Amino acid sequence: MRILICEDSALLREGLVRVLEDSGHIVVAALPDASRLDEKVVEATPELCIIDVRLPPTWTDEGIRAALALRARRPELAVLVLSQYVEERYAADLIAASSGSLGYLLKDRVADVTDFLDTIDRIAAGATVLDPEVVAQLLSRRTRDARMQRLTDRESSVLALIAEGRSNQAIARTLHVSEGSVEKHITAVFQKLGLERDESGNRRVLAALAHIEHGGTPPQTGADR
């Protein structure tokens, strides 16, 4: 896969380059800031961009704004945003403006190389992958959608794991249930949230966004109530 990196920390930037190239990916550019990001995207035609939330010169929101702009101009381009801490507002803005081929991870996750590379592959394949800590904080918001209150504890757990970008098989392993049970719970979630089947196949993303936007319960592994 052709990957572009935009990260101001030279240590992390070079570390990402080595990890990605050692795993067979091609790093087409490694930038310290977003000043030449658009130019390099056009020139190097990456399939995925890894962008830090905070970049020079102000280290506030340059990275997230660059990511939002890229997604607006090139919705087909996969983007993974890295953040030192959970930035709820930035995460919510990025998720709300996007669907599919998107990731938001804390930088600590990069240390687990196997999981990090798996995340890269899942995002490139069209998944939305959110750091569990990001999901937990977004789900802790008190504002609730009445639709969410219709969900059982198990359905809320399944939905929270969907928001993390987990597959049905991974959800089944986490909750120690069968894939058939997971499919039934997901069907119930879609029905209770009023998400009809459509040609785009984006119901999983729409369900996760609704849960994140309006609040809900953190992932649980207990029985249905």
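Residues numbered from 1 in each chain as written. Predicted model: local features only at pLDDT ≥ 70, side-chain atom pairs only at ≥ 80, totals over all residues. Heavy atoms only, no water.

The name recorded for the protein in an unreviewed UniProt entry is Response regulator transcription factor, from Microbacterium allomyrinae.

S.K.: Which residues make up the overall build of the protein, and what are the values?
M.R.: Along the protein, the regular secondary structure elements total 10 helices and six strands. Burial status across the protein gives 49% buried among its 225 residues. For the protein, contacts bridging at least 24 residues in sequence account for 69% of all contacts bridging at least 6. Accessible surface for the protein amounts to roughly 10900 Å². Of this, 49% is attributable to carbon and sulfur atoms. (Helix = DSSP H or I, 4+ residues; strand = E, 2+ residues; numbered from the N terminus. Buried < 20%, exposed > 50% of the residue type's maximum accessible area, 1.4 Å probe, protein only. Contact = heavy atoms within 4.5 Å. Areas by Shrake-Rupley, 256 points an atom, 1.4 Å probe, with all protein chains shown as cover.)

S.K.: Got a sec to walk through helix α7 (residues 153-163)? Specific residues and values, please.
M.R.: Within α7, 10 of the 11 residues are buried, which leaves the element mostly enclosed by the surrounding structure. Looking only at α7, the buried set comprises Arg154, Glu155, Ser156, Ser157, Val158, Leu159, Ala160, Leu161, Ile162 and Ala163. Once α7 finishes, Gly165 follows within two positions and takes phi at roughly 85 degrees, a positive value.

S.K.: For the UniProt feature "modified residue: 4-aspartylphosphate" (unreviewed entry) in the protein, give the residues involved together with the corresponding values.
M.R.: Feature annotation in UniProt places "modified residue: 4-aspartylphosphate" (unreviewed entry) on Asp52, given in this structure's numbering. If you trace the backbone, Asp52 turns up in strand β3 (residues 48-52). Setting aside its immediate chain neighbours within four residues, Asp52 contacts Cys6, Glu7, Asp8, Gly63, Ile64, Leu82 and Lys107. (UniProt positions renumbered as here; feature names shortened; annotations may be inferred.)

S.K.: Let's hear about the state of the cysteines: which residues, and what values?
M.R.: Throughout this description, disulfide means a covalent bond between two cysteine sulfur atoms. For the structure shown, the criterion picks out zero disulfides. Free cysteine Cys6: the closest other cysteine sulfur is in Cys49, separated by 8.5 Å. Of the residues examined, Cys49 reaches a relative accessible area of 0% and is grouped as buried. (Disulfide = S-S within 2.5 Å.)

S.K.: Could you give an account of the pattern of salt bridges, naming the residues involved and the relevant values?
M.R.: Scanning the entire structure with this criterion turns up 10 salt bridges. Taking the shortest distance from any N to any O, the salt bridge between Lys107 and Glu7 comes out at 3.3 Å. Of this pair, Lys107 sits in the loop between β5 (102-106) and α5 (113-124) while Glu7 sits in the loop between β1 (2-6) and α1 (10-22); the two residues are 100 residues apart in sequence, bridging distant segments of the chain. With a closest N to O distance of 3.5 Å, Arg122 and Asp118 form a salt bridge. Placement of both Arg122 and Asp118 in helix α5 is noted, with a separation of four residues, approximately one turn of the helix. (Salt bridge = Lys/Arg side-chain N within 4 Å of Asp/Glu carboxyl O.)

S.K.: Residues and numbers for the sheet that holds strand β4 (residues 78-83), please.
M.R.: With parallel pairing, six strands are arranged side by side in an open sheet as β2-β1-β3-β4-β5-β6. Edge positions in the sheet fall to β2 (26-31) and β6 (128-130), since each has one partner strand and no second. If you compare each strand with its neighbour and ignore which way they point, the axes differ by 15 degrees on average. As defined by bridge partners, β3 adjoins β4 across five bridges and the pair is classed as parallel. Directly across from Leu48, in β4, lies its bridge partner Ala78. Sitting on the sheet, α1 touches β1, β2, β3 and β4, and the angle it makes with β2 is about 175 degrees. (Pairing = 2+ DSSP bridges. Axes fitted to C-alpha atoms, helices over the stretch in contact; angles between N-to-C directions.)

S.K.: Give a description of the packing of α1 against α5 that names residues and reports values.
M.R.: Between α1 and α5, the shortest axis-to-axis distance is 11 Å and the interhelical angle comes to 75 degrees. The orientation of α1 with respect to α5, classified from their angle, is roughly perpendicular. Two secondary-structure elements touch here, α1 through Leu16, Val19 and Leu20 and α5 through Val113, Phe116, Leu117 and Ile120. Here the residues of the contact of α1 with α5 are counted per class, giving seven nonpolar, no polar and no charged. (Parallel < 35°, antiparallel > 145°, perpendicular 65-115°, else oblique. Nonpolar A, V, L, I, M, F, W, Y, C, P; charged D, E, K, R; others polar.)

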